[in-house]
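# Structure at a glance
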Amino acid sequence: EEPGYVFEYKGVQIAVETPSSTVLEALGDPVNYFEAPSCAFEGMDRIYTYGGFEFQTYTEGEKDYIASIRFLDDSITTPEGISLNASLEDVVAAYGKDYKQSFSQYTYTKGKCNLSFIIENNEVVSVEYASVDFVGNEKD
């Protein structure tokens with residue numbers, strides 16, 4: 001099975017659909033943590049915030065898995081060099097033209113990961129990695 005897009009922060013690789021425990025162990029305590037009972041599936045929705053990004057997990061069985069990773073500011077980039085404020089041309093140069101466009105959202109799919117960029121006025125205003133099985137905060 002093809003691996004999906006992987007985000008890297010301080011040398012730690014973070015990928016959707018992987019157990020969150022190893023990432024949390026490597027990154028240490030988050031800047032902020034939020035949890036609430038999930039309305040989409042059994043267990044808890046958990047959001048961990050670190051410098052410039054956050055990730056959300058879902059529970060399956062006894063383990064939590066990474067469902068999505070979202071950029072919060074332009075202090076971080078994808079491994080391919082895209083950050084908030086990049087242009088559509090930058091995104092296409094890094095990822096190619098094989099995207100699906102829905103309004104201002106450009107989505108690339110690789111393995112079990114959707115990598116989405118929302119572009120307004122030719123500027124990236126949102127970057128999100130999300131499990132293809134976890135769309136709109138619901139695990140299908």
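To start, this report covers the structure provided alongside it. Please read these numbers as outputs of a predicted model, since none were measured by experiment.

Let us look at the pairing of strand 5 (residues 53-60). The element strand 5 is largely enclosed, with a buried count of seven among its eight residues. Strand direction decides the pairing type here: strand 4 (residues 44-50) and strand 5, joined by five bridges, are antiparallel. Residue tyrosine 48 lies in a different strand from strand 5, and its bridge partner there is phenylalanine 55. Linking strand 4 back to strand 5 in an antiparallel pair, the connection comprises two residues, with glycine 52 at a positive phi of about 90°. Pairing of strand 5 with strand 6 (residues 63-71), which is carried by eight bridges, proceeds in the antiparallel orientation. The partner of phenylalanine 55 across the bridge, within strand 6, is isoleucine 69.

On to the nonpolar core. Formed by 32 residues in total, the largest nonpolar core has its most connected members in Phe7, Ile14, Leu27, Phe53, Phe55, Phe117 and Tyr129. Those residues in contact with leucine 27 that lie beyond four places of it in its chain are Tyr9, Val12, Ile14, Tyr50, Phe53 and Phe55. Formed by five residues, the second largest nonpolar core is a distinct cluster that contains Phe41, Tyr58, Tyr65 and Ala67.

This part is about helix 1 (residues 20-27). Listed as buried for helix 1 are Ser20, Val23 and Leu27. In a view along the axis of helix 1, the buried residues occupy a sector of 65°, so they form one face of it. Across helix 1 from its buried face, at more than 90 degrees, point the exposed residues Thr22 and Glu25. Buried-residue contacts for helix 1 involve strand 1 (7-9), strand 2 (12-14), strand 4, strand 5 and strand 6.

What follows is about unusual backbone geometry. Notably, lysine 10 is not glycine yet its phi reads approximately 50°, a positive angle. With a phi close to 70°, glutamate 17 is a non-glycine residue in the positive phi region. Looking at the element boundaries, glutamate 17 is found in the loop between strand 2 and helix 1.

Strand order in the open sheet made by the eight strands is 3-4-5-6-10-9-8-7, with antiparallel pairing throughout. At either margin of the open sheet sits one strand with a lone partner, and together these are strand 3 (32-37) and strand 7 (100-102). For this sheet, the mean angle separating the axes of adjacent strands, direction not counted, is 20°. Bridge count between strand 6 and strand 10 (residues 123-131): three bridges; the pairing is antiparallel. Residue serine 68 lies in a different strand from strand 10, and its bridge partner there is alanine 130. Those strands touched by helix 1 are strand 4, strand 5 and strand 6, and its axis lies near 145° from that of strand 5. Across the sheet, helix 2 (residues 88-95) touches strand 8 (105-110), strand 9 (113-120) and strand 10, and the angle it forms with strand 9 is around 155°.

Let's shift gears to the environment of lysine 112. Of note, lysine 112 is situated in the loop between strand 8 and strand 9. The partly exposed category is assigned to lysine 112, whose relative accessible area is 33%. Linking lysine 112 and glutamate 17, residues 95 residues apart in sequence, is a C-alpha distance of 7.6 Å.

About the criteria used
- Residues numbered from 1 in each chain as written.
- Predicted model: local features only at pLDDT ≥ 70, side-chain atom pairs only at ≥ 80, totals over all residues.
- Heavy atoms only, no water.
- Buried < 20%, exposed > 50% of the residue type's maximum accessible area, 1.4 Å probe, protein only.
- Helix = DSSP H or I, 4+ residues; strand = E, 2+ residues; numbered from the N terminus.
- Pairing = 2+ DSSP bridges.
- Core = buried A, V, L, I, M, F, W, Y, C linked by side-chain atoms within 4.5 Å.
- Contact = heavy atoms within 4.5 Å.
- Arc of directions from axis to C-beta.
- Axes fitted to C-alpha atoms, helices over the stretch in contact; angles between N-to-C directions.

By themselves these figures say nothing about function.
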